[in-house]
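Remarks on the overall topology
Given next are the chains, with one letter for each unit.
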Amino acid sequence: MTGNLYRGQAGLPFSSTLRVYEPLDAFPEEQRAAIKSAGERAVSRAAVENAELLASLGRITRPGGDPFPTGRTDLVRVTRAPGVPVEENGKEGSEEEKADGVALLYCPSQLVLRAGLAANALIEGIHGPLAELLIPEEQRDRHQERIDLVNARDGITRVHTRASTWGIPFSWFSLFLESDPQDVVEAGGRILTVRVWTPISDALDRVRYAVANLALAAPDLDMLDDLTQLTEWLELFHADSMVELDYGAVADKVYPDDSPMDVRLGIECLAEGDMTGAAAAYRRLASRWIPIRQLARAS
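No experiment lies behind these values; they were computed from the predicted model shown.

Here we look at helix α13 (residues 275-294)
Its 20 residues place the ends of α13 27 Å apart at the C-alpha level, agreeing with the 28 Å of an ideal helix rising 1.5 Å per residue. The sharpest bend along α13 measures roughly 35 degrees and falls at A286. Among all positions in α13, only G277, A278, A281, L285, A286, R288, W289 and I292 are buried. As for α13, its buried residues are in contact with α8 (170-173), α11 (251-254) and α12 (259-271).

Comments concerning the pairing of strand β1 (residues 15-23)
Of all the nine residues making up β1, eight are buried; the element is thus mostly covered by neighbouring parts of the structure. Where β1 meets strand β4 (residues 161-165), five bridges bridge the pair, whose relative direction is antiparallel. Pairing of R19 across the sheet is with T161, part of β4. Here five bridges tie β1 to strand β7 (residues 242-246), and the two strands are oriented antiparallel to one another. Looking at β7, one finds that T17 is bridged to D246.

Thoughts on the confidence of the model for the protein
Across the protein, the average pLDDT comes to 81, with 67% of residues at 70 or higher. Mean pLDDT values for the elements of the protein range from 45 in helix α4 (residues 95-100) up to 98 in α8. Across residues 83-99, where pLDDT falls below 50, the model places 27 contacts with residues more than four positions away in sequence or in other chains.

Thoughts on the pattern of salt bridges
Overall, the coordinates contain 16 salt bridges when judged by the stated rule. R19 is paired through a salt bridge with D246; the nearest N and O atoms lie 3.1 Å apart. Of the two residues, R19 sits in strand β1 while D246 sits in strand β7, which places them 227 residues apart along the sequence. An identical accessibility class is assigned to R19 and D246; each is buried. R45 is the partner of E49 in a salt bridge, and the nearest nitrogen-oxygen pair spans 2.7 Å. Of this pair, E49 and R45 are both found in helix α3 (residues 45-60), four residues apart, which corresponds to roughly one turn of the helix. Among the charged side chains, a network of salt bridges with common partners joins R19, R45, E49, R77, R195, E244 and D246.

Concerning the pairing of strand β5 (residues 182-187)
Taken together, the six bridges between β5 and strand β6 (residues 190-199) define a ladder with antiparallel strand orientation. Residue pairing for β6: V184 is matched across the bridge by V194. Hairpin connection, β5 to β6: the antiparallel pair is bridged by two residues, and G188 has positive phi, about 60 degrees.

What about the environment of W233?
Following the sequence through the fold, W233 ends up in helix α10 (residues 222-234). Through-space distance from the C-alpha of W233 to that of H160 is 9.2 Å; in sequence the pair is 73 residues apart. Those residues in contact with W233, other than ones at most four positions away along the chain, are L18, V20, V159, H160, T161 and R162.

A few points about helix α2 (residues 29-41)
Those residues of α2 not exposed but buried are Q31, R32, I35, A38 and G39. Seen end-on, α2 carries its buried residues on one side only, within an arc spanning 140 degrees. Seen from the buried face of α2, the exposed residues on the opposite side, beyond 90 degrees, are E30, A33, A34, E40 and R41.

Re the packing of aromatic side chains
Tallied over the entire structure, the rule returns four aromatic pairs. Ring geometry for F173 versus Y247: centroids 6.3 Å apart, planes at 50 degrees, classification tilted. Here F173, found in helix α8, pairs with Y247, found in the loop between β7 and α11; they are 74 residues apart in sequence, far enough to count as distant. When its relative accessible area of 4% is taken as the criterion, Y247 is described as buried.

Conventions we followed
Residues numbered from 1 in each chain as written. Predicted model: local features only at pLDDT ≥ 70, side-chain atom pairs only at ≥ 80, totals over all residues. Heavy atoms only, no water. Helix = DSSP H or I, 4+ residues; strand = E, 2+ residues; numbered from the N terminus. Expected span 1.5 Å × (residues − 1). Bend = angle between axes of the 7 residues up to and from the residue. Buried < 20%, exposed > 50% of the residue type's maximum accessible area, 1.4 Å probe, protein only. Contact = heavy atoms within 4.5 Å. Pairing = 2+ DSSP bridges. pLDDT = per-residue confidence, 0-100. Salt bridge = Lys/Arg side-chain N within 4 Å of Asp/Glu carboxyl O. Arc of directions from axis to C-beta. Phe/Tyr/Trp six-rings, centres within 6.5 Å; stacked < 30°, edge-to-face > 60°.

What follows is the structure, given as structure tokens:
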């Protein structure tokens with residue numbers, strides 16, 4: 001049933017994610033055993049996606065009206081980083097890692113922290129009475145207690161995942177090139193998702209290039225603020241991390257997608273003073289993504 005759930009998300013909002021995977025040594029020592037154990041329990045990537053979706057649907061139908069995750073369990077996604085040494089800081093990797101010649105990288109879901117951030121963003125963006133209706137103050141206070149417990153146990157930690165519904169922010173595409181490795185996941189004649197990866201060092205080089213050029217050519221552009229925040233976020237992570245863009249179900253509507261190239265060309269044209277070329281790149285992006293964003297308001 002869970003497999004069908006993952007493959008049949010009709011009616012749910014398109015949700016895309018930007019994730020950072022770090023080596024185990026990047027996490028506090030007291031967290032490593034739990035993160036490694038959770039990663040080992042993930043039989044497959046599809047199983048993790050199934051479990052996360054099933055848990056989210058369970059929360060919104062939970063008796064008592066509390067939609068927040070409890071933090072009793074936390075899913076961890078795992079990927080492999082070709083070329084990253086399996087022996088680091090004098091610590092050897094597992095036999096499986098040694099055999100493959102690659103290091104495992106981990107991305108914890110951190111649902112308690114992320115749910116709190118999402119609730120705050122929702123409340124700041126809508127009227128008070130509606131916020132109270134959607135998320136009663138009692139439930140928000142209860143969840144703040146969970147966040148305080150996580151912070152007391154783990155310290156203020158990096159949030160490894162950013163999410164977006166009904167489309168992908170254009171700033172995210174600045175991190176990737178069309179030549180980056182990608183995985184197209186298909187089933188039943190449609191694309192379930194597309195995942196693209198790049199080393200965090202390359203992602204930072206690309207976003208810093210975009211910030212530098214936009215700061216000179218278009219300092220008033222909203223995208224510059226987005227790129228600056230993205231840079232500051234990525235700078236928090238280990239130098240051997242990987243960045244993943246997971247399109248989610250929207251991939252079936254846009255793939256094959258030239259958005260990384262269009263964003264890069266648009267920024268290059270602005271830097272060169274080619275307003276015509278920049279406008280053409282934006283038109284291509286808009287024609288691809290505005291119809292997706294309009295689905296958020298469709299009845």
